[in-house]
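A closer look at the structure
So you can see what is in the structure, the chains are spelled out below.
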Amino acid sequence: MPTSSASTTDSARSSNGGGVQSLERAFDLLERMADAGGEVGLSELSATSGLPLPTIHRLMRTLVACGYVRQQPNRRYALGPRLIRLGESASRLLGTWARPYLARLVEETGETANMALLDGDEIVYVAQVPSKHSMRMFTEVGRRVLPHSTGVGKALLAGVPDAEVRALLSRTGMPAATEKTITTPEGFLAALEEVRRLGYAVDDNEQEIGVRCLAVPVPDAPTAAAISISGPAGRVTEAATGKIVPVLRGVAAELSEALASSGT
């Protein structure tokens, strides 16, 4: 009969809640890899996590064997393909679950409502409820865009330290979608400061000429999320903004509470 099972079980558990410590550490490493852009070296993970290199190496070997991490030819580690299926399934479920809240946004504002997540360096739209207007904006669910030209991108990155935003922009570049797209890091950081001051983000013809978007983050969401409305610039005017933003904030707060109560 094994004599070490009890001690092994005890050592695998964390001291703060009975969870399995190795699992907690593995998920923490995956999140740190995602925050770093998806590829890191062991020394970087050790420096940011505080874990000893042998522990990190053991955990990474397990994650590689399971397909959640892959080792690059340069010996660095990258997020693996098995995470894609998990992420896509979770995003679809979250988007489906959020649709009633987006439907209320459409009812109260008359404009198309969207939900988007920050996935690595990109924005991905996970849900949409279209406006009833004949002239309305369609953003395909699953579409990926760079954050610098979108309202949801600004809303999501306003809560990220400037140094991390600069690093993201250096990885993605800042191509111009229209003549009004912000194309310099300094200009984008200034826009984020305005988002923090106002409490909401605006895409003013920056992703598509003739379209304005207003966006707010979902507070305390389990993954960085934002909701928005988008419509023709002739309807989503400065005057309309004052009426729409409180509705956006209210729905975002309700969505946050619902996510917290559901344990999502």
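Quantities reported herein were computed from a predicted structural model and do not represent experimental measurements.

Side note on the overall build of the protein
Within the protein one finds nine helices and nine strands. Summed over all atoms, the accessible surface of the protein reaches about 13,800 Å², with 54% contributed by carbon and sulfur.

Quick look at the packing of helix 3 (residues 42-49) against helix 4 (residues 53-66)
Contact geometry for helix 3 and helix 4: axes closest at 9 Å, N-to-C directions at 115°. Remark: the crossing between helix 3 and helix 4 carries right-handed chirality. Residues Leu42, Ser43, Leu45, Ser46 and Ser49 of helix 3 form the contact with helix 4, whose own contacting residues are Leu53, Ile56, His57 and Met60. Taken together, the residues that form the contact of helix 3 with helix 4 break down as five nonpolar, four polar and no charged.

Observations regarding unusual backbone geometry
Positive phi values are uncommon outside glycine, yet Arg75 reaches one of about 80°. In this fold, Arg75 is placed in the loop between strand 2 (69-71) and strand 3 (77-79). The residue Asn205 is not glycine, and still its phi comes out positive at about 65°. Note on placement: Asn205 falls in the loop between strand 7 (201-204) and strand 8 (211-217).

A few points about helix 8 (residues 185-198)
The periodicity of an α-helix, 3.6 residues per turn, causes residues three or four positions apart to be oriented the same way. The end-to-end C-alpha distance of helix 8 is 20 Å, a good match for the 20 Å that 14 residues give at a rise of 1.5 Å each. Where helix 8 is buried, its residues touch helix 6 (151-157), helix 7 (162-172) and strand 7.

What about the pattern of salt bridges?
This model, assessed by the stated rule, comprises 17 salt bridges. Note that Arg144 and Glu122 form a salt bridge whose closest N and O atoms lie 3.2 Å from each other. Of this pair, Arg144 sits in strand 6 (residues 144-145) while Glu122 sits in strand 5 (residues 122-129); the two residues are 22 residues apart in sequence, bridging distant segments of the chain. Given a relative accessible area of 40%, Arg144 falls into the partly exposed group. For the salt bridge of Glu193 with Arg196, the shortest nitrogen-to-oxygen distance reads 3.1 Å. In this pair, Glu193 and Arg196 are both assigned in helix 8, three residues apart and thus about one turn of the helix distant. The partly exposed category is assigned to Arg196, whose relative accessible area is 33%. One connected set of salt bridges, linked through shared partners, spans Lys180, Asp204, Arg212 and Glu238.

Structural notes on the side chain of Thr150
Relative to the elements of secondary structure, Thr150 occurs in the loop between strand 6 and helix 6. Contact partners of Thr150, with chain neighbours within four places excluded, come to Ile123, Tyr125, Val145, Asp203 and Gln207.

Observations regarding the sheet that holds strand 8
The strand order across the open sheet formed by six strands is 6-5-4-9-8-7, and the pairing between neighbours is antiparallel. Edge positions in the open sheet fall to strand 6 and strand 7, since each of these has one partner strand only. Note that strand 5 and strand 6 share two bridges and pair antiparallel. Bridging across to strand 6, Ile123 finds its partner in Val145.

Points about the confidence of the model for the protein
Should pLDDT be low for a region, the predicted coordinates there are not to be read in detail. Confidence in the prediction of the protein, expressed as mean pLDDT, is 84, and 85% of residues score 70 or more. When pLDDT is averaged over each helix and strand of the protein, the minimum, 35, is found for helix 1 (residues 5-12) and the maximum, 97, for helix 8. In the model, residues 1-18 has pLDDT below 50 throughout and makes 13 contacts with residues more than four positions away in sequence or in other chains.

About the criteria used
Numbering of residues starts from 1 in each chain and follows the order in which that chain's sequence is written. Only residues with pLDDT of at least 70 get local features here, since the model is predicted, and only at 80 or more are side-chain atom pairs given and counted; chain-wide, interface and lining totals rely on the full set of residues. To get the side-chain values, all heavy atoms of the structure are used, and hydrogens and water are removed first. The way it works is that DSSP assigns letters per residue, a run of H or I at least four long becomes a helix, a run of E at least two long becomes a strand, and they are numbered from the N terminus. Each accessible area value is a Shrake-Rupley result obtained with a 1.4 Å probe; residue values ignore everything except the protein chains displayed when judging cover. Each axis is a line fitted through C-alpha atoms, and for a helix only the stretch in contact is used; angles between axes span 0 to 180 degrees, taken between their N-to-C directions. Handedness of each helix crossing follows the sense of rotation of the near helix against the far helix: counterclockwise by less than a right angle gives left-handed, clockwise gives right-handed. Between two residues, a contact is recorded if the distance between any of their heavy atoms is within 4.5 Å. Lys, Arg, Asp and Glu make up the charged group, whereas Ala, Val, Leu, Ile, Met, Phe, Trp, Tyr, Cys and Pro make up the nonpolar group; the residues left over, Gly among them, are polar. Multiply 1.5 Å by the residue count of a helix minus one, and that product is the helix's expected span. Take a side-chain nitrogen of Lys or Arg and a carboxyl oxygen of Asp or Glu: if they are within 4 Å of each other, that pair is a salt bridge. Using a 1.4 Å probe on the protein chains alone, a residue whose accessible area is under 20% of its type maximum counts as buried, one over 50% counts as exposed, and one in between counts as partly exposed. A pair of strands counts as paired when DSSP detects no fewer than two bridges linking them. In predicted models, pLDDT denotes the confidence assigned by the predictor to each residue on a 0 to 100 scale.

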